Amino acid sequence: MGRRKGRAGFKVEKVLAFFNHLLEEKPSIAVLIPLLLVCWGIEKWVFSFSNWVPLVVAIWATFQHCSHRQKLLVEDLNKKWKRVVLNTSPITPLEHCEWLNKLLMEIWTNYMNPKLATRFSSIVEKRLKQHRSKLIEKIELQEFSLGSCPPYLGPHGTCWATLGDQRIMNLGFDWDTSDMSILLLAKLAKPLMGTARIVINSLHIKGELLLMPVLDGRAVLYSFVSTPEVRIGVAFGSGGSQSLPATELPGVSSWLVKVLTDTLVKTMVEPQRRCYCLPAVDLRKKAVGGIVFVSVISARKLSRSNLRGSPPRREQSHSLNGSLVEHFDDKDLRTFVEVELGQLTRRTEVIPGSSPSWDSTFNMVLHGDTGTLRLHLYNYPPNSVKYDYLASCEIKMKYAADDSTAFWAIGPDSGVIAKHAEFCGNEVEMVVPFEGVTSGELTVKIVVKEWQFSDGSLSLNKFNISSQKLMYGSSILLSRTGRKINVAIMEGKDLISKERSGKCDPYVKLQYGKVLQKTRTAHNSNPFWNQKFEFDEIVDDGCLKIKCYSEETFGDENIGSARVNLEGLLEGSIRDIWVPLERVNSGELRLQIEAVRVNDSEGSRGSVSGSFNGWIELILVEAKDLIAADIRGTSDPYVRVQYGSSKKRTKVMYKTLNPQWNQTLEFPDDGSPLELHVKDYNALFPTYSIGDCVVEYQGLPPNQTSDKWIPLQGVKKGEIHVRITRKVPELQTRSSLEADASF
């Protein structure tokens, strides 16, 4: 009863505040309201006005209320904007940066363009598949080139500003290019059946960039001040002799603009920022995954009046002078934190109070060299079947090329919180405020236990360096074929069935390539299997897929899945890891993984001796007298190289019949045929073959280069100049030379 009265009083206060606002803004309303009352009395007791008078009054009151709400929103935004302007007032005059654009122009074509194209192509393909248009059933990225025109930085100059104690560089960003080439192959959905080629041939992005040096210059955070202006030029064709404007396929251009804009907003529009590391030393190692321990310690300043979720409970009490005092009671808060990293989610226990202490640690797996750790705060009321979302925060992490890890988060008033772990095993503690609320902060400790690299080495700590890495050098010396992968499923812990009975009879399915394996069924949530499975290692497939099920009477239940990166496994060492299950709140599996070399008689049929101990280095130098594929009498040739199931290609040389590539490609030596296909590049139409050939290399002595011109087949003329070398590790050169002494 007291709660209802409190809510009624709360509404009355809002109504009175609204009328006070009207009296301040429109003083004439003090005369208008009595006049309306008089008219209403005349209408009721003397004679009746038309029926539209009450409707007009209701509409007028609605418009007044909407304008009042809009004004409050504008005032709030103006306050925030003034705070940002005051905190980011320039401390340096505008400086011209023509030198920066000249430098960018010099390095764009040969360095920045290919590097950014490789990085962005995977991101773009992933985003397009996740946010596919309804008109498109399936989409595939076939080509990605950013063109020869770099973005223009600081058209109006650059200046430095401050945000608290953080220095920020502000500069304009204007990228308007019309020679880029992004080719998408789309399978259209009903009613537009068939396939279509979508070519993005122009791009315009304009906005204001912020650059924030952090960690004493070890890294730079970058973001847009606001959502940038984005325009995309699209051509559409079926692969025939005609190309149609983008308007012929409704919604494609606007869909691509929306995908790009949403990606920018979610990743690098204030206060979301991306990080670019500037390590003093580049160890040239590619991180492909890591193991992260996340400890959720405690939270402070939790006030339900300032957090989202259900309205707080008000209590009334009387002060000493008899006046009525209202305050919020946060003692009945019962909160827990959900930790999310990629597809992994884990939850702490429920702790009551406005300053809960959980002190819960979770084993998380990171796929790739970057990750975003999201932490969601929930309230779990007593005797309730649901929980209320209150607030969130996030911490981002990135591997740096000097074997360190950078962490950053959004601080108070959109500031920066940045920490640095110099080595694996170093603990980082961060106090991060919740986003979008006025109070509350979370204390988190993060430890990167190890980074896994593409060459198979592990960065455990500053003293642990793989002995095999020192012996053999780069991972390219270790083959990906002719080996067996032994996977032992040892045990599991905290496996939880979703059934109400709580019964859990788990078993595990393993998939590597097209091979499926299954463990026996256990009968508790902490099973022990100790079962070993063997797989043949597959070229270009470094992912072991794991699915955990609970055996049920009416169909088995999926209780979690996981992925394990097998890329670069070293021989002679066993990787013993606990893998957390994804898409569930609890559960881990312990695996022991080992790569074993099989005998040549078993695993190297059809290959020359020693072919599994090295790699093929192919240099595509040039070609001459190619046939003309275009009407103008020239070609735009490039080479597609196929080695077994692996495919690579060179850059495109435009308008020439005598191209010079001087490009080096490498493949693990497994004795596969090496085929060269020379193609004529065309952005809108299917590629045209202008010859192919096979490069013979199997009888070549180790570490000796063969330089030769090879005539192209299937055409009237044309030759290609290549240099090929069978590289063998120095430790095995002598034995390989003895084995090939009869050559």
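The rules behind each value
- Residues numbered from 1 in each chain as written.
- Predicted model: local features only at pLDDT ≥ 70, side-chain atom pairs only at ≥ 80, totals over all residues.
- Heavy atoms only, no water.
- UniProt positions renumbered as here; feature names shortened; annotations may be inferred.
- Helix = DSSP H or I, 4+ residues; strand = E, 2+ residues; numbered from the N terminus.
- Buried < 20%, exposed > 50% of the residue type's maximum accessible area, 1.4 Å probe, protein only.
- Contact = heavy atoms within 4.5 Å.
- Areas by Shrake-Rupley, 256 points an atom, 1.4 Å probe, with all protein chains shown as cover.
- Patch = residues over 30% accessible without salt bridge, like charges linked within 9 Å, V, L, I, M, F, W, Y side chains within 5 Å.
- Salt bridge = Lys/Arg side-chain N within 4 Å of Asp/Glu carboxyl O.
- Lys, Arg positive; Asp, Glu negative; His and termini not counted.
- Charge placed at Lys NZ, Arg CZ, Asp CG, Glu CD.
- Pairing = 2+ DSSP bridges.
- Axes fitted to C-alpha atoms, helices over the stretch in contact; angles between N-to-C directions.
- Phe/Tyr/Trp six-rings, centres within 6.5 Å; stacked < 30°, edge-to-face > 60°.
- Lys NZ or Arg CZ within 6 Å of the ring centre and 35° of its normal.
- Expected span 1.5 Å × (residues − 1).
- Bend = angle between axes of the 7 residues up to and from the residue.
- Core = buried A, V, L, I, M, F, W, Y, C linked by side-chain atoms within 4.5 Å.
- pLDDT = per-residue confidence, 0-100.

Labelled according to an unreviewed UniProt entry, the protein appears under the name Synaptotagmin-4-like, originating from Populus alba x Populus x berolinensis. Among the UniProt annotations of the protein, the heading Subcellular location (unreviewed entry) holds the following wording: "Membrane".

A. Examining the overall build of the protein more closely. Of the regular secondary structure elements, the protein holds eight helices and 39 strands. Within the protein, buried positions represent 43% of all 743 residues. Summarising the internal contacts of the protein: among those between residues at least 6 apart in sequence, 64% fall at separations of at least 24. On the protein, roughly 40,500 Å² of surface is accessible, and the fraction owed to carbon and sulfur atoms is 54%.

B. View of a positive patch on the surface. A surface patch of like charges, here positive, comprises Lys509, Lys518, Lys545 and Lys547. On the accessibility criterion, lysine 547 (44% relative accessible area) is partly exposed.

C. Examining the sheet that holds strand 26 (residues 515–518) more closely. With antiparallel pairing, four strands are arranged side by side in an open sheet as 26-25-28-29. Either end of the sheet is taken by a strand with one partner, and the two such strands are strand 26 and strand 29 (557–565). The sheet shows a mean angle of 20° between the axes of neighbouring strands, direction not considered. Here seven bridges tie strand 28 (residues 543–550) to strand 29, and the two strands are oriented antiparallel to one another. Bridged to tyrosine 549 within strand 29 is asparagine 558.

D. View of the packing of aromatic side chains. With the rule as written, the count across this model stands at 14 aromatic pairs. Judged by centre distance (6.5 Å) and plane angle (70°), the ring pair of phenylalanine 336 and tyrosine 380 falls under edge-to-face. With a gap of 44 residues between them, phenylalanine 336 in strand 13 (residues 334–341) and tyrosine 380 in the loop between strand 17 (370–379) and strand 18 (388–399) connect regions that are remote in the sequence. Taking the relative accessible area as the measure of exposure, tyrosine 380 reaches 30% and is therefore partly exposed. Three or more aromatic residues joined by ring pairs form one cluster here, namely Phe336, Tyr378, Tyr380, Tyr387 and Tyr389. In this structure, lysine 493 is placed above the aromatic ring of tryptophan 578, and the distance from its NZ or CZ to the ring centre is 4.7 Å. When the ring centre of tryptophan 709 is taken as origin, the NZ or CZ atom of lysine 624, which lies over that ring, is 4.5 Å away.

E. Summary view of a nonpolar patch on the surface. A cluster of nonpolar side chains, Leu32, Leu35, Leu36, Val57 and Trp60, forms an exposed patch at the surface whose accessible area comes to about 400 Å². Top contributing element to the nonpolar patch by residue count: helix 2 (residues 29–46), with three residues. Tracing the backbone through its elements, the reader meets leucine 36 in helix 2.

F. Looking closely at the sheet that holds strand 30 (residues 574–580). Judged by pairing direction, the sheet is antiparallel, and its four strands sit side by side in the order 27-24-31-30 without closing on themselves. Both edges of this open sheet fall to strand 27 (528–536) and strand 30, since each of them pairs with a single strand only. Averaged over all pairs of adjacent strands, the angle between their axes in this sheet comes to 20°, without regard to strand direction. When strand 24 (residues 483–493) meets strand 31 (residues 588–597), the two strands line up antiparallel, connected through 10 bridges. Across the sheet, the residue bridging to isoleucine 485 is alanine 595, located in strand 31.

G. Main features of helix 4 (residues 98–130). Relative to the 48 Å expected for 33 residues at 1.5 Å per residue, helix 4 spans just 39 Å between its end C-alpha atoms, considerably shorter than the ideal helical length. Taken as a whole, helix 4 carries its principal kink of about 85° at tryptophan 108. Burial in helix 4 covers these residues: Asn101, Leu104, Trp108, Asn113, Ala117, Ser121, Arg127 and Leu128. Among the structural elements, strand 1 (136–145), strand 2 (152–163), strand 3 (166–177), strand 4 (181–188) and helix 5 (252–268) are those in contact with the buried residues of helix 4.

H. Unusual backbone geometry, seen in detail. Cis peptide bonds are those with omega within 30 degrees of zero, and the linkage from glutamate 270 to proline 271 qualifies with 5°. Unusually for a residue other than glycine, aspartate 403 sits at a positive phi of about 70°. Within the secondary structure, aspartate 403 sits in the loop between strand 18 and strand 19 (405–410). Here lysine 655, not a glycine, exhibits a phi torsion of approximately 55°, which is positive. Mapped onto the fold, lysine 655 is located in the loop between strand 34 (646–649) and strand 35 (660–668).

I. Summary view of the pattern of salt bridges. According to the stated counting rule, one finds 17 salt bridges in the structure shown. Residue glutamate 270 pairs with arginine 273 through a salt bridge whose shortest N-O separation is 2.9 Å. Under the relative-accessibility criterion, glutamate 270 is labelled partly exposed at 23%. Overall, the relative accessible area of 3% leaves arginine 273 in the buried class. In this structure, lysine 396 and glutamate 394 form a salt bridge, with 3.9 Å as the shortest nitrogen-oxygen distance. Considered together, lysine 396 and glutamate 394 belong to a single accessibility category, that of buried residues.

J. Highlighting the nonpolar core. One finds Val339, Leu373, Leu375, Ile395, Phe407 and Leu442 to be the most contacted residues of the largest nonpolar core, which totals 43 residues. Look past the residues within four positions of isoleucine 395 in its chain and what remains in contact with it is Gly371, Thr372, Leu373, Leu375, Phe407, Trp408, Ala409, Met430, Val432, Val444 and Ile446. Of all hydrophobic cores here, the second largest spans 37 residues; its members include Leu128, Met180, Leu209 and Leu264.

K. Structural context of helix 5. Here helix 5 spans 24 Å end to end across 17 residues, near enough to the 24 Å set by a 1.5 Å rise per residue. Along helix 5, the residues classified as buried are Val252, Trp255, Leu256, Val259, Thr261, Thr263, Leu264 and Met268.

L. Seen up close, the confidence of the model for the protein. Of all residues in the protein, 80% attain a pLDDT of 70 or more, and the chain-wide mean is 78. Of all secondary-structure elements in the protein, the lowest mean pLDDT belongs to helix 6 (residues 467–472), at 33, while strand 21 (residues 427–433) reaches the highest, 93. Across residues 462–480 the pLDDT falls below 50, and counting only partners more than four positions away or on other chains, this stretch makes 34 contacts in the model. Within the model, pLDDT remains below 50 along residues 731–743, and this stretch shows 12 contacts once partners closer than five positions in the same chain are excluded.

M. Highlighting the pairing of strand 27. Because side chains alternate across strand 27, one face comprises the buried residues Trp529, Gln531, Phe533 and Phe535, and the other comprises Phe528, Asn530, Lys532, Glu534 and Asp536, none of which is buried. Bridge analysis of strand 24 against strand 27 gives seven bridges, and the strand direction is antiparallel. In the strand pairing of strand 27, asparagine 486 is matched with glutamate 534.

N. Spotlight on the pairing of strand 3. Bridge count between strand 2 and strand 3: eight bridges; the pairing is antiparallel. By the bridge assignment for strand 3, cysteine 159 is matched with asparagine 170. What sits between the antiparallel neighbours strand 2 and strand 3 is a turn of two residues, in which glycine 164 has the positive phi angle 70°. Pairing geometry for strand 3 and strand 5 (residues 194–214), over nine bridges, is antiparallel. Residue pairing for strand 5: aspartate 174 is matched across the bridge by lysine 206.

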